[in-house]
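So the chains spell out like this:
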Amino acid sequence: MDILKNIRETALTHPKRCAVQSREQKLTYEELEEYSNRLAVWIAKNSQDRKRPVIVYGHKNPYMVVCFLACAKAGRSYVPQDICIPVSRVDETVLSVEPELTFVVEGDYQTEIGTEIGKDEIEEIVKQKTNETDVLQPLTKDEVWYIIFTSGSTGTPKGVTITERNLSNFLDWSITLGTSTNAKKGKVFLNQAPFSFDLSVMDLYTCLAVGGTLWCLTKDVQKDYQKLLESLKRSDAAIMVSTPSFADVCLSDPAFAQTALPNLGLFLFCGETLTNRTARRLLERFPSAKVMNTYGPTESTVAVTQVEITPELAAGTSPLPVGRPKPGTTLQICGPDGRVLPEGEKGEIIILGNTVSPGYYQNTLQTEKHFFTYTEEGIPAQGYRTGDKGYLKDGMLYYCGRIDLQIKLHGYRIELEDIENNLLRLPQIEKAAVLPNIKDGRVKSISAYLVCPGMTAPERTYAEMLKESLRTFLPEYMIPKKLIFMDRLPMTGNGKVDRKALGSAVL
Ligand code: AMP
């Protein structure tokens, strides 16, 4: 699919249709098309190096989408950064990317690297007509469309690169997910995830590909039940793309039901375990809606499997399946020695196919560890070792957790070592181990076990002070709920923290 072409066509056929709405800010298809063209020309004329990605900073602002499309039209990759990410962590990303340009659409992020362009300046640029579009050389198939940074075990985020080819292969499939492409045309899609998470790619680009309207649920709306329901009602949305955790938040309001939201007919889930209970409750509240479970990591472009969760499936035994592979994707289950296991046996899920990323941005070590190249009918293709455990039954994939220390908390992907390494940045902490607290198969919170020899205040006060310091490095969702102080951490024979002993000793 040529997403830019689809947007251009909608701009011609339905110029006044709203493309993106967030808070009271809206952009029509005509505006999105013209503004992104003008900004693209400006980018092409004001930056020299096609290889240096552009940072786009803000929170669900329609102008962020203008920046994304402008980058693609000018042949630049972009790195979305939401304002929920602490400045010091954004700084680390900026340092590794060395952007020539940073668009600060919202908030007051400042950087010494490259040029910063604020919202006022962007608005000025996009209002000026230009006929210099011949300076534009859009991204080619194998160039990187976006780089999404996810939690990395070293304590700094790692950037997953997604090419134009990856994205368009994903969109060829996502426009057919759950309902036909025709049935999706012009519909309102709800956006829950910030643009810095890859789940948002599912709603943003699928919506723009079918000429729909993206209705963004901003963070303040998501925090307040009343505002949330009001916004959902006003949206007249037909399709909701979210994590199951977010559906649970919505379901805790009894008014979240078909009577209040008559057009909401399709739920697309990804990112964490969808429980039978959540699926059942949704299908009870929205009897004529479809619930789809999908599975995949950022490294394979959002999702690579799909299955409809019917009332029968939801009523049956857990766990729910996560789906069959999409066209262009093959799944394998491998043992620790790399051998492909037969159906029914549990092992690591390996994803092969045309939406697998070429690797992490400027990180050969991690890329070589997780990605590999193979040939399919003589053509080189990409494979990715997910670190997820699972098994196949009649071609259907079932997910059974992780083989490493990555977790999902309220839909957020977190490497526990990322938190540990950031805790160790605080001079008061000598040793740190972070463990998830699991209930009903889901992580409910995280606890940190710490050795702080010079603790100067009562535990409670000290814990709050440490959490406050940690907030300069980590976003709120990565801050451990409980800090437990110990004289020493249990160790294994080979000198590593004994997580098992820690779990059973303290929990
Ligand atoms: P992210 O890169 O943030 O999309 O996170 C990817 C990880 O989320 C996967 O490697 C899985 O561990 C988990 N995940 C994604 N989809 C599902 C699903 N449908 N059910 C359970 N876990 C999932």
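Further up the page is the structure itself.
Everything quoted here is computed from the prediction, not taken from an experiment. (Residues numbered from 1 in each chain as written. Predicted model: local features only at pLDDT ≥ 70, side-chain atom pairs only at ≥ 80, totals over all residues. Heavy atoms only, no water.)

1. Considering the pairing of strand β25 (residues 442-451)
Put simply, the rule is: Note on classification: 1.4 Å probe, protein chains only; a residue is buried when its accessible area is under 20% of the maximum for its type, exposed when over 50%, partly exposed between these limits. The helix and strand labels rest on DSSP assignments: H or I over at least four residues marks a helix, E over at least two residues marks a strand, and numbering proceeds from the N terminus. A pair of strands counts as paired when DSSP detects no fewer than two bridges linking them. Place the viewer so that the strands point away; then a crossover is right-handed whenever the path from the first strand over the helix to the second strand goes clockwise.
Of all 10 residues making up β25, nine are buried, and the element is well covered by its neighbours. Taken together, the nine bridges between strand β24 (residues 431-439) and β25 define a ladder with antiparallel strand orientation. Each residue of the ladder has a partner; that of Pro436, found in β25, is Ile446. What sits between the antiparallel neighbours β24 and β25 is a turn of two residues, in which Asp440 has the positive phi angle 50°. Two strands pair when backbone bridges link them, and β25 and strand β26 (residues 482-485) are joined in this way by four bridges, in the parallel orientation. Within the sheet, the bridge partner assigned to Ala448 lies in β26 and is Leu483. A crossover links β25 with its parallel partner β26, the connecting element being helix α16 (residues 459-470), and its sense is right-handed.

2. Focus on helix α4 (residues 87-97)
What counts is decided by this rule: To be clear, the arc concerns the directions from the helix axis to the C-beta atoms. Throughout, a contact is declared for two residues whenever any of their heavy atoms are within 4.5 Å.
Turning to α4, its buried residues are Arg89, Val90, Thr93, Val94 and Val97. Buried residues of α4, viewed axially, fall in a sector of 145°; they line one side. Where α4 is buried, its residues touch β3 (54-58), β4 (78-82), β7 (144-150) and α15 (416-423). In the stretch just after α4, Glu98 is the one whose phi turns positive, near 45°.

3. Quick notes on the environment of Lys129
Structurally, Lys129 is set in the loop between α5 (119-127) and β7. Assessed through its relative accessible area of 74%, Lys129 is described here as exposed. Each C-alpha atom of the pair Lys129 and Asn37 lies 9.5 Å from the other, and the pair is 92 residues apart in sequence.

4. Some thoughts on the nonpolar core
Selection rule: Put simply, a nonpolar core is a bunch of buried Ala, Val, Leu, Ile, Met, Phe, Trp, Tyr and Cys residues held in one set by side-chain atoms that sit within 4.5 Å of each other.
Counting residues in each nonpolar core, the largest one holds 87 residues, and the members touching the most others are Leu39, Phe103, Trp145 and Tyr205. Of all the elements, helix α3 (residues 62-73) adds the most residues to this core, at 10 residues. Membership of the second largest hydrophobic core comes to 33 residues, among which are Trp215, Leu251, Ala279 and Leu283.

5. Here we look at the packing of helix α10 (residues 225-235) against helix α11 (residues 244-251)
Our working rule: Orientation is described by lines fitted to C-alpha atoms, with helices fitted over the stretch in contact, and by angles between N-to-C directions that extend from 0 to 180 degrees. Throughout this description, any angle smaller than 35 degrees is read as roughly parallel, any larger than 145 degrees as roughly antiparallel, any in the 65 to 115 degree range as roughly perpendicular, and the remainder as oblique. Gly falls in the polar group here, along with every residue not listed as nonpolar (Ala, Val, Leu, Ile, Met, Phe, Trp, Tyr, Cys, Pro) or charged (Asp, Glu, Lys, Arg).
Running from N to C, α10 and α11 point in directions that differ by 100°, and their axes come no closer than 10 Å. With respect to α11, the element α10 is oriented roughly perpendicular. Facing Tyr225, Leu228 and Leu232 of α10, the residues of α11 in contact are Phe246, Val249 and Cys250. Its residues assigned to classes, the contact of α10 with α11 shows six nonpolar, no polar and no charged.

6. A word on the site of the ligand
Put simply, the rule reads: Nearness of a residue to a molecule or strand requires only that one of the residue's heavy atoms be within 4 Å of it. Residues adjacent in sequence count toward polar contacts only when both atoms are side-chain atoms; beyond that, a polar contact is any pair of N or O atoms within 3.5 Å, and within protein one must be able to donate a hydrogen and the other to accept it.
Taken together, 16 residues sit near the ligand, with Thr294, Thr298, Asp388, Lys408 and Arg413 positioned nearest. Measuring from an oxygen atom of the ligand, one finds a side-chain N or O atom of Thr298 at 2.5 Å. Between Lys408 and the ligand, the recorded distance is 2.8 Å, taken from a side-chain N or O atom to an oxygen atom. Broken down by secondary-structure element, the contributors of at least two residues to the shell around the ligand are β13 (290-295) and β21 (396-402). Of the residues contributing to the shell around the ligand, the split by class is four nonpolar, six polar and six charged.

7. Concerning the packing of aromatic side chains
The following threshold applies: Pairing of aromatic side chains requires ring centres within 6.5 Å, counting the rings of Phe and Tyr and the six-membered ring of Trp. Pairs whose planes differ by under 30 degrees are stacked, by over 60 edge-to-face, and all others tilted.
Counting across every chain of the model gives 21 aromatic pairs. The interplanar angle of 55° and the centroid separation of 5.3 Å between the aromatic rings of Phe197 and Tyr412 together place this pair among those described as tilted. Of this pair, Phe197 sits in the loop between β9 (188-191) and α8 (199-209) while Tyr412 sits in strand β23 (residues 412-415), placing them 215 residues apart in sequence. Between the aromatic rings of Phe256 and Phe286, the centroid separation amounts to 5.1 Å while the plane-to-plane angle is 65°, which identifies the pairing as edge-to-face. Placement of Phe256 in the loop between α11 and β12 (266-269) and of Phe286 in the loop between α12 (276-285) and β13 is noted, with a sequence separation of 30 residues between them.

8. Observations regarding the side chain of Thr355
As for its placement among the helices and strands, Thr355 is situated in the loop between β17 (347-353) and β18 (359-360). Other than its neighbours up to four places away in sequence, Thr355 contacts Asn166, Asn169, Phe170, Glu299, Ser300, Thr301, Val304, Lys326 and Thr329.

9. Description of the pattern of salt bridges
Oppositely charged side chains can form a pair if their charged atoms are brought close together. Cut-off, in case you're wondering: Each reported salt bridge corresponds to a side-chain nitrogen of Lys or Arg within 4 Å of a carboxyl oxygen of Asp or Glu.
Per the counting criterion, the structure on display carries 24 salt bridges. The salt bridge involving Lys73 is made with Glu33; its shortest N-O contact spans 3.1 Å. Here Lys73 is found in helix α3, whereas its partner Glu33 is found in helix α2 (residues 29-46), with 40 residues between them in sequence. Of the two residues, Lys73 and Glu33, both sit in the buried class. In this structure, Arg499 and Glu420 form a salt bridge, with 2.9 Å as the shortest nitrogen-oxygen distance. Here Arg499 is found in helix α17 (residues 499-506), whereas its partner Glu420 is found in helix α15, with 79 residues between them in sequence. Among the residues examined, Glu420 registers a relative accessible area of 9% and is labelled buried.

10. Concerning the sheet that holds β13
Strand order in the open sheet formed by nine strands is β2-β1-β10-β9-β11-β12-β13-β14-β15, and the pairing between neighbours is mixed. Pairing within the sheet leaves two strands with one partner each, and these edge strands are β2 (25-28) and β15 (324-325). Sheet topology places strand β1 (residues 18-22) next to strand β10 (residues 213-216); three bridges connect them, and they run parallel. Bridging from a neighbouring strand, Gln21 pairs with Trp215 of β10. With respect to the sheet, α3 is in contact with β1 and β2, its orientation differing from that of β2 by roughly 40°.

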